[in-house]
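Residue strings, one per chain:
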Protein chains: 2
Amino acid sequence: MSSALEPVDKAIARELNADGRCSFTDLAARVGLSVSAVHQRVRRLEERGLIKGYTARLDGDQIGLPLTALISLTPTDPAAPDDYPQRLEHIREIEACYSVAGDESYVLLVRVTSPRALEELLRQIREVANVSTRTTVVLSTPFEGRPAPI
Amino acid sequence: MSSALEPVDKAIARELNADGRCSFTDLAARVGLSVSAVHQRVRRLEERGLIKGYTARLDGDQIGLPLTALISLTPTDPAAPDDYPQRLEHIREIEACYSVAGDESYVLLVRVTSPRALEELLRQIREVANVSTRTTVVLSTPFEGRPAPI
DNA sequence: TATGAAATACGTTGTGC
DNA sequence: GCACAACGTATTTCATA
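Residues numbered from 1 in each chain as written. Chains lettered and ligands numbered in written order. Predicted model: local features only at pLDDT ≥ 70, side-chain atom pairs only at ≥ 80, totals over all residues. Heavy atoms only, no water.

*Asks:* How would you sum up the UniProt feature "domain: HTH asnC-type" (unreviewed entry) in chain A? Please name residues and give values.
*Replies:* The sites that carry the UniProt feature "domain: HTH asnC-type" (unreviewed entry) are, in the present numbering, residues 5-66 of chain A. In this annotation, residues 5-66 of chain A is assigned 55% helix and 13% strand; the end-to-end C-alpha distance for the span is 38 Å. (UniProt positions renumbered as here; feature names shortened; annotations may be inferred. Helix = DSSP H or I, 4+ residues; strand = E, 2+ residues; numbered from the N terminus.)

Here it is, written out as structure tokens:
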């Protein structure tokens, strides 16, 4: 197994998760280490893949993607090889893809410009992955992307 | 309605969404504007709420939250006032809360340490929000948090 | 809104512990 | 693995167009 996560690294991860643009100077102060030590540790966390990247959280409505949906996938041909994520990866409207336990095989989180765009996206997903879909439209998002409980 | 999104602001949002720690200097070069102009625009996008914040994307396994689940909520008492998000907000294991169209009222995305923690979380959600739950366990995450198609 | 310049703060690397 | 110091670069503000 991978080596245990030290409290300092945990604190660094927590702080950067809550504020991804936090300066190394601030970060150092918050975790009680020198700037260069923090710098070194952040680099290692990035290399390890514990920190997978940094992103600005955007408002869907304001960037022209006001329609969010959850799409559950069921293979049409149960004997087909399970390469669905690969087949779907190039579709940029798909923000996330989860392999799930339950009646269906995958759940996708998608963002589109309009109901028409959703219709077209569903057609594309069914075609490219050979699946049937069940779509749950998101009416509103009380909250999203909250900091992890670490 | 809010004023239309200019191409430059769109580009800024796209770049920061893809790389949240990108420097203003780089950003300026990428969108073809001076550093101070970009600085000004980023501030405005933050104030407008188009940029809601910045975050480091973390690996659930490595931070000790290896179990992800989607939880659908159905109110036990259909006559009760709909203040579910408020009731659930304090539970930090809940990363996102979507109000959805369909058989159920809400879908939650949660991350926990173990099956036992999930069991306890479900108990807590049912108690605090007076709902019944349907849980879909995530087996693996082929991809997540990809950049928005803008 | 944009730019360019000036002052301050920060990132980054090397050295020694 | 950490701290300190030194250098170059980035951020931030302001004056000006």
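*Asks:* Report on the protein's contact with DNA strand D, specifying residues and quantitative values.
*Replies:* With respect to spatial proximity, 14 residues lie near DNA strand D, and among them Ser34, Ser36 and Arg41 of chain A together with Phe24 and His39 of chain B are the closest. The sugar-phosphate backbone supplies 73% of the atoms of DNA strand D found within 4 Å of the protein. Serine 34 of chain A is positioned with one of its backbone polar atoms (N or O) 2.8 Å from a phosphate oxygen of DNA strand D. For the surface near DNA strand D, the secondary-structure elements that each account for two or more residues are helix H3 (35-48) of chain A together with helix H2 (24-31) and helix H3 (35-48) of chain B. (Near = heavy atom within 4 Å. Polar contact = N/O pair within 3.5 Å; in protein donor to acceptor, adjacent residues only side chain to side chain.)

*Asks:* Go over the sheet that holds strand E2 (residues 67-75) of chain B with me, naming the residues and quoting the values.
*Replies:* Pairing in this closed barrel of 8 strands is antiparallel, and the strands run E2(A)-E4(A)-E3(A)-E5(B)-E2(B)-E4(B)-E3(B)-E5(A) around the ring. Between one strand axis and the next, the sheet turns by 35° as a mean value, whatever way the strands run. Note: strand E2 (residues 67-75) of chain A against strand E5 (residues 131-143) of chain A, 7 bridges, orientation antiparallel. By the bridge assignment, leucine 73 of chain A is partnered in E5 of chain A with threonine 133 of chain A. The sheet contacts of helix H5 (residues 115-129) of chain A involve E2, strand E3 (94-100), strand E4 (106-112) and E5 of chain A, and relative to E5 of chain A the element is tilted by about 140°. (Pairing = 2+ DSSP bridges. Axes fitted to C-alpha atoms, helices over the stretch in contact; angles between N-to-C directions. Contact = heavy atoms within 4.5 Å.)

*Asks:* So what about the interface of chain B and chain A? Which residues, and what values?
*Replies:* On the chain A side, the residues contacting the 61 residues of chain B number 61 residues. Summing both partners gives a buried area of about 5800 Å² for chain B against chain A, and 55% of it is carried by carbon and sulfur. Across the chain B-chain A interface, the total number found is 1 salt bridge. Taking the shortest distance from any N to any O, the salt bridge between glutamate 144 of chain A and lysine 52 of chain B comes out at 4.0 Å. Viewed at the interface, chain A and chain B are joined by 41 residue pairs in polar contact (both at pLDDT 80 or more). (Buried area = accessible area lost by both parts, 1.4 Å probe. Salt bridge = Lys/Arg side-chain N within 4 Å of Asp/Glu carboxyl O.)

*Asks:* An account of the relation of the copies chain B and chain A is needed here, citing residue identities and associated values.
*Replies:* Overlaying chain B with chain A gives an RMSD of 0.0 Å, the required rotation being 180° about an axis along which the chain moves by 0.0 Å. The transformation just described matches what one would write down for a two-fold rotation axis. A share of 100% of the interface residues of chain B reappears at the interface of chain A, consistent with the copies meeting face to face through the same patch. (Least-squares fit on C-alpha atoms with pLDDT ≥ 70 in both.)

*Asks:* Which residues make up the packing of aromatic side chains, and what are the values?
*Replies:* Here the structure, examined in full by the defined rule, presents 2 aromatic pairs over all chains. Seen from their ring centres, tyrosine 84 of chain A and tyrosine 106 of chain A are 5.7 Å apart, and the 55° between their planes marks the pair as tilted. You can see tyrosine 84 of chain A sitting in helix H4 (residues 84-88) and its partner tyrosine 106 of chain A sitting in strand E4, a full 22 residues away along the chain. For the pair tyrosine 84 of chain A and tyrosine 106 of chain A, a shared accessibility class is recorded, and that class is buried. It is arginine 21 of chain A that lies over the ring of phenylalanine 24 of chain B; its NZ or CZ is 5.0 Å from the centre. (Phe/Tyr/Trp six-rings, centres within 6.5 Å; stacked < 30°, edge-to-face > 60°. Buried < 20%, exposed > 50% of the residue type's maximum accessible area, 1.4 Å probe, protein only. Lys NZ or Arg CZ within 6 Å of the ring centre and 35° of its normal.)

*Asks:* Lay out the protein's contact with DNA strand C with the relevant residues and their values.
*Replies:* Taken together, 13 residues lie near DNA strand C, and Phe24 and Arg43 of chain A together with Ser34, Ser36 and Arg41 of chain B sit nearest. Expressed as a percentage, the sugar and phosphate content of the atoms of DNA strand C within 4 Å of the protein is 72%. Phenylalanine 24 of chain A has a polar backbone atom sitting 3.0 Å from a phosphate oxygen of DNA strand C. Taking threonine 25 of chain A, its main chain carries an N or O atom lying 3.2 Å from a phosphate oxygen of DNA strand C. A breakdown of the residues in the surface near DNA strand C according to their chemical character gives 4 nonpolar, 6 polar and 3 charged. (Nonpolar A, V, L, I, M, F, W, Y, C, P; charged D, E, K, R; others polar.)

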